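# Summary of structural features
The primary structure of each chain is shown beneath.
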Amino acid sequence: MKTRAAILWGQGQDWSVEEIELDPPKTGEVLIKLVGSGLCHSDEHLRTGDLTVPADVAQALSIHQYPVIGGHEGAGEVVEVGPGVTSVKPGDHVALSFMPACGKCPSCNSGRTNLCDVGAFLGLGMQPTDFTARHHSGAGQDLQISCFLGTFGEYTVASEMSVIKIDDDIPLEKAAVVGCGVTTGWGSAVYAAGVKAGDTAVIVGTGGIGMNAVQGAAMMGAENVIAVETVDWKREKAREFGATHTAASIEEAVQLVGEITRGRLADKVVISVGVADADLIAPAMSMTAKGGRVVHTAVAPLAQTEVKLDLTELTFWQRELVGTVFGSANPRYDIPRLLALYKAGKLKLDELVTNEYKLDDINRGYDDMYNGTNIRGFLRY
Ligand SMILES: NC(=O)c1ccc[n+]([C@@H]2O[C@H](COP(=O)([O-])OP(=O)(O)OC[C@H]3O[C@@H](n4cnc5c(N)ncnc54)[C@H](O)[C@@H]3O)[C@@H](O)[C@H]2O)c1
Ligand SMILES: [Zn+2]
Ligand SMILES: [Zn+2]
């Protein structure tokens, strides 16, 4: 079938909205009519080059990162299923998870489906079922898709491993943003940091991801939730999501945390800025209490491999520095659970999407992310 999608043809280029050819779903695959897609910062790392593999490495590993259809925060209605698909049927409402869950690998079977071994092939951009493309340009060239999904298009074909049936009465545009941003942020605080009642939690960077870490920390009963954000209005917005204090820089936060905890410092710190910055690690660790934990959710440029770390304090203060993918959540369990919390009025999703755009206006949507206009921008088809 013919449909439209936003393609990135190379590093540094704009997203190009074009007519594409989409094949029917093959074995284990699902054709979905998407309601829209959240504009997560992660897709921009490919455009800016943060996640662009150097040409010689790409050639040696036979990696082709472009052209790629972006988008990994979508939801919609099932139109058609390929042979062997059992968990969804045409007409079902589904959320898409940016990590697949095969259910068969050791990671899935140890309850960590966010680390599913099939995720290792995410960067290849092909269908995880048979490593071929269903999406093709108007000229017939194979197109890769972001996170096995490619939600920057009106229709997509995705593997059943990434497709999660949800209740019909959940608005699909709410389900879309739970497919990455909400679950990643909330899980960064709840699972990866393990925020407990009475904790002091600091969230550095309160965009689409960090704002959900704020609400996750508040939901777990943290006494102090400090939102660290450079954009003024987002600091105020963070209070709506449960922040008790705000700071305009990490330096300001270090000072504030010392004061409000009378020197005990923060139990948990989540770093969720747009582009990971090695210089944030030392101050984040320095405001972390004995036995406390810093969670690194932000994505770094591939070339960023060095960090300054006080190893003496790491040992004797028994501090932890950990990374997290998808907020260490289990998408098939947590996405429906978070949507149930939304339905019960206990999770804020309505306040999260601050602007909607047409697919054709995707570049304006990302411009707005950079100029601080949005918590989460949303493409509505
Ligand atoms: N680990 C994962 O599984 C995962 C999943 C999704 C996204 N991510 C990553 O999480 C990060 C956040 O994504 P997002 O979509 O929320 O991005 P975003 O651009 O919407 O939000 C980032 C926020 O950080 C703020 N900020 C930037 N530098 C800051 C600083 N030094 N101090 C305080 N605030 C600062 C910005 O003003 C912005 O509000 C990105 O790096 C993204 O790629 C990781
Ligand atoms: Zn994302
Ligand atoms: Zn698996």
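Because the structure is a prediction, the values reported are computed rather than measured. Sequence order as written defines the numbering, with residues in each chain counted from 1. Chains and ligands are labelled by the order in which they are written, letters from A for the one and numbers from 1 for the other. Selection of residues for local features in this predicted model requires a pLDDT of at least 70, selection of side-chain atom pairs for listing and counting requires 80 or more, and totals for whole chains, interfaces and linings are taken over all residues. Values shown for side chains rest on all heavy atoms present in the structure; no hydrogens or waters enter the calculation.

## Section: the coordination of the zinc ion (ligand 3)
This is how the line gets drawn: Water is not part of the atom set, so a site may look incomplete; the donors themselves are N, O and S atoms within 2.8 Å of the metal, or 3.2 Å for Na, K and Ca. Only two sets of limits are used to name each site, 85 to 135 degrees for every angle of a tetrahedral four-donor site, and over 155 degrees for opposite donors with all other angles from 65 to 115 for a square planar four-donor or octahedral six-donor site, with any other site named irregular. The rule is simple: take the accessible area with a 1.4 Å probe, protein chains only, and divide by the maximum for that residue type; under 20% is buried, over 50% is exposed, in between is partly exposed.
Taken together, Cys 102 (SG), Cys 105 (SG), Cys 108 (SG) and Cys 116 (SG) make up the protein donors of the zinc ion (ligand 3), found 2.4 Å from the metal. Bound by four donor atoms, the zinc ion (ligand 3) shows angles of 103 to 119 degrees at the metal and therefore tetrahedral coordination geometry. The sequence pattern formed by the donor residues of the zinc ion (ligand 3) is C-x2-C-x2-C-x7-C. Each of the two residues, Cys 105 as well as Cys 108, counts as buried.

## Quick word on a nonpolar patch on the surface
The condition is simple: Patch membership requires more than 30% relative accessible area and the absence of a salt bridge. Residues of like charge join within 9 Å; the nonpolar side chains Val, Leu, Ile, Met, Phe, Trp and Tyr join within 5 Å. Where accessible areas are quoted, they stem from the Shrake-Rupley method and a 1.4 Å probe; at the residue level, only the protein chains shown are allowed to cover. Criterion for a salt bridge: a side-chain nitrogen of Lys or Arg within 4 Å of a carboxyl oxygen of Asp or Glu. Going along the chain from the N terminus, every DSSP run of H or I of four or more residues is numbered as a helix, and every run of E of two or more is numbered as a strand.
A cluster of nonpolar side chains, contributed by Val 307, Leu 309, Leu 311 and Leu 321, occupies part of the molecular surface with about 320 Å² of accessible area. Inspection of the secondary structure assignment puts Leu 309 in the loop between strand E15 (288–296) and helix H9 (311–316). Relative accessible area serves as the criterion here: at 31%, Leu 309 is assigned to the partly exposed category.

## Quick notes on the site of ligand 1
We apply this condition: By convention in these notes, a residue is near a molecule or strand provided one of its non-hydrogen atoms lies within 4 Å of it. Polar contact is defined as a pair of N or O atoms within 3.5 Å, subject to the rule that within protein one atom must be able to donate a hydrogen and the other to accept it, and that residues adjacent in sequence are counted only when both atoms are side-chain atoms. Lys, Arg, Asp and Glu make up the charged group, whereas Ala, Val, Leu, Ile, Met, Phe, Trp, Tyr, Cys and Pro make up the nonpolar group; the residues left over, Gly among them, are polar. Domain start and stop positions are those given by an automatic or database domain assignment.
In the neighbourhood of ligand 1, 28 residues make up the surrounding shell, with His 41, Ser 42, Glu 229, Gly 274 and Arg 376 lying closest. Gly 208 is positioned with one of its backbone polar atoms (N or O) 3.1 Å from an oxygen atom of ligand 1. Surface burial for ligand 1 is 87%, taken as the share of its 870 Å² of free accessible area covered by protein chains. Contributions of two or more residues to the shell around ligand 1 are made by helix H1 (41–48) and helix H4 (172–192). Examining the composition of the shell around ligand 1, we find that three residues originate from one element, H1, more than from any other. Of the residues contributing to the shell around ligand 1, the split by class is 12 nonpolar, 13 polar and three charged. Residue-level mapping places the shell around ligand 1 at the junction of two domains, with at least three residues from each of domain 1 (2–165 + 351–380) and domain 2 (185–324).

## Observations regarding the sheet that holds strand E8 (residues 144–145)
Convention followed: Only when DSSP finds a minimum of two bridges between them are two strands counted as paired.
The five strands are arranged E7-E2-E1-E4-E8 in an open sheet whose pairing can be described as mixed. Of all strands in the sheet, those with a lone pairing partner are strand E7 (135–137) and E8, marking the two edges. As defined by bridge partners, strand E1 (residues 2–8) adjoins strand E2 (residues 16–22) across six bridges and the pair is classed as antiparallel. Note on E2: the bridge partner recorded for Lys 2 is Glu 21.

## A word on the side chain of Thr 184
Which entries qualify depends on this criterion: Contact definition: two residues touch when any of their heavy atoms are within 4.5 Å.
In this fold, Thr 184 is placed in helix H4. Beyond its immediate sequence surroundings of up to four residues, Thr 184 is in contact with Phe 98, Ile 209, Thr 297, Phe 326 and Gly 327.

## Brief notes about the domain arrangement of the chain
Using the following cut-off: By convention, the term buried area covers the 1.4 Å-probe accessible surface removed from two parts as they join, with the contributions of both added.
Under the domain assignment used here, the chain contains domain 1 (2–165 + 351–380) and domain 2 (185–324). Distance between the C-alpha centres of domain 1 and domain 2: 29 Å. With 15 residues of domain 1 at the interface, the matching set in domain 2 holds 18 residues. Taken together, the two surfaces of domain 1 and domain 2 that pack against each other cover about 1300 Å², and 67% of this comes from carbon and sulfur. Looking at the side of domain 1 facing domain 2, the largest losses of area belong to Asp 50, Leu 352 and Ile 375, adding up to 39% of the total buried there. Our count for the domain 1 to domain 2 interface comes out at zero salt bridges. Among the elements that make up the side of domain 1 that touches domain 2, the one with the highest residue count is H1 (three residues). Of the residues that constitute the side of domain 1 that touches domain 2, the class distribution is four nonpolar, eight polar and three charged.

## Things to note about unusual backbone geometry
For the bond from Tyr 66 to Pro 67, the omega torsion is -5 degrees, close enough to zero to count as cis. Among the structural elements, Pro 67 can be located in the loop between helix H2 (55–60) and strand E4 (68–69). Positive phi, close to 75 degrees, is recorded for Leu 265, a residue that is not glycine. Along the polypeptide, Leu 265 turns up in the loop between helix H7 (250–260) and strand E14 (266–271). On the accessibility criterion, Leu 265 (14% relative accessible area) is buried.

## Quick word on helix H11 (residues 362–370)
Stated formally: The directions from the helix axis to the C-beta atoms form the arc being described.
Listing the buried residues of H11 in full gives Ile 362, Gly 365, Tyr 366, Asp 368 and Met 369. End-on view of H11: buried residues confined to an arc of 155 degrees, all on one side of the axis. One or two steps after H11, the chain reaches Gly 372, where phi turns positive at roughly 85 degrees.

## Observations concerning the packing of aromatic side chains
Heads up, the condition is: Ring pairs are drawn from Phe, Tyr and Trp, using the six-membered ring of Trp, whenever the two centres fall within 6.5 Å, and their geometry is named by plane angle: stacked under 30 degrees, edge-to-face over 60, tilted for the rest.
In this structure the tally under the stated criterion is six aromatic pairs. Ring geometry for Trp 15 against Tyr 366: centres 6.3 Å apart, planes inclined by 25 degrees, an arrangement best described as stacked. Highlighted residues: Trp 15 in the loop between E1 and E2 and Tyr 366 in helix H11, separated in sequence by 351 residues. Under the relative-accessibility criterion, Trp 15 is labelled buried at 4%. Ring geometry for Trp 186 and Tyr 191: centres 5.8 Å apart, planes at 90 degrees, overall edge-to-face. A relative accessible area of 4% places Trp 186 in the buried class. Taken together, the ring pairs connect Trp 15, Phe 152 and Tyr 366 into an aromatic cluster.

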